Amino acid sequence: MFVVAACNPHRGNSLASHEQDRWFRGCYYVRPLHPTLQLIMWDYGSLDSMQESDYISAKMKMLHRTMSNVEVASLTNLIVDSQEVMRHYAEQLLKSHGIRSEEAKIASHSCVSQRDIQRVFTLHEWLMKGYTRDKPYGDRTDYHRRAVLVALGIVYYMRLNTKFREAYKDLMDNKSRLN
């Protein structure tokens with residue numbers, strides 16, 4: 001068996017057509033496959049919300065074996081909620097530009113991906129190294145929460161336009177206090 005390519009699905013140009021709202025565009029452009037490759041293409045689909053949550057939780061447990069299940073669930077929920085709220089914001093924005101609801105929902109699903117989740121984990125690990133090396137604040141649980149919140153800010157908050165930044169900040173403030 002030979003792997004020819006691993007490709008993201010091409011979903012048309014509905015996201016690329018609104019240049020003034022670039023925050024929800026992916027950092028990559030997906031081109032349609034050549035017709036000869038479409039004959040051998042196999043679509044694996046995308047993760048649904050439950051699968052995405054399970055993936056994040058498993059990754060969190062794998063990286064931090066000493067964390068309790070409650071801590072893992074709390075930090076997982078922050079990442080899952082960030083993914084969902086970014087999709088919601090993108091859907092709202094597309095609808096405000098006259099895109100039909102069904103199309104907006106489909107197009108907004110790809111505004112975040114497993115790449116974003118991986119970025120959160122990469123930043124989280126990097127921050128944890130610094131926090132545990134310097135040890136100036138609180139216990140280790142606080143380090144994990146702080147690292148996840150900073151990583152979420154860099155990965156999600158920084159890409160939002162001003163309209164959605166305040167709402168996202170408030171949501172994360174409320175979610176991090178509840179957990």
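Because the structure is a prediction, the values reported are computed rather than measured.

1. Quick notes on the packing of aromatic side chains
- One pass over the full model with this rule turns up one aromatic pair.
- Ring centres of Y89 and F164 lie 4.4 Å apart, and the angle between their planes is 15°; this geometry places the pair in the stacked category. Here Y89 is found in helix α3 (residues 69–96), whereas its partner F164 is found in helix α7 (residues 162–178), with 75 residues between them in sequence.
- In this structure F164 comes out as buried when scored by relative accessible area, which is 4%.
- The ring of F121 has K59 sitting right over it, with the charged end atom 5.6 Å from the ring centre.

2. So, the confidence of the model for the chain
- On average, residues of the chain score 80 in pLDDT, and 77% of them are at 70 or above.
- Here residues 13–18 scores under 50 on pLDDT; set against residues more than four positions off or in separate chains, the count is 12 contacts.

3. Some thoughts on α3
- The terminal C-alpha atoms of α3, which comprises 28 residues, lie 40 Å apart, in line with the 40 Å expected from a rise of 1.5 Å per residue.
- Directly beyond the C-terminal end of α3, a positive phi value near 90° is found at G98.

4. A look at the layout of surface pockets
- Here the second largest pocket defines a volume of roughly 160 Å³.
- The wall of the second largest pocket is formed by L47, D48, S49, E52, E84, R87, H88, E91, K105, S108 and H109.
- Elements with a contribution of two residues or more to the lining of the second largest pocket: α2 (49–63), α3 and α4 (101–109).
- If you tally residues by element for the lining of the second largest pocket, the top one is α3, at four residues.

5. Quick word on the packing of α2 against α3
- Running from N to C, α2 and α3 cross one another at 135°; their axes reach a closest spacing of 9 Å. When the interaxial angle is binned, α2 and α3 end up oblique. For α2 against α3, the interelement crossing comes out right-handed. Of the residues in α3, those touching α2 at S49, E52, S53, I56, S57, M60 and K61 are N69, V72, L75, T76, I79, V80, Q83, E84 and R87.
- The residue makeup of the contact of α2 with α3, split by class, is six nonpolar, six polar and four charged.

Quick notes on the rules
Residues numbered from 1 in each chain as written. Predicted model: local features only at pLDDT ≥ 70, side-chain atom pairs only at ≥ 80, totals over all residues. Heavy atoms only, no water. Phe/Tyr/Trp six-rings, centres within 6.5 Å; stacked < 30°, edge-to-face > 60°. Helix = DSSP H or I, 4+ residues; strand = E, 2+ residues; numbered from the N terminus. Buried < 20%, exposed > 50% of the residue type's maximum accessible area, 1.4 Å probe, protein only. Lys NZ or Arg CZ within 6 Å of the ring centre and 35° of its normal. pLDDT = per-residue confidence, 0-100. Contact = heavy atoms within 4.5 Å. Expected span 1.5 Å × (residues − 1). 1 Å grid on protein atoms, 1.4 Å probe; cavity = no way out; pocket = protein on both sides within 12 Å on 5 of 7 lines; lining within 4 Å. Points joined across faces, edges and corners; volume = space filled by probe spheres on them. Axes fitted to C-alpha atoms, helices over the stretch in contact; angles between N-to-C directions. Parallel < 35°, antiparallel > 145°, perpendicular 65-115°, else oblique. Left-handed = near helix turned anticlockwise from the far one by under 90°. Nonpolar A, V, L, I, M, F, W, Y, C, P; charged D, E, K, R; others polar.

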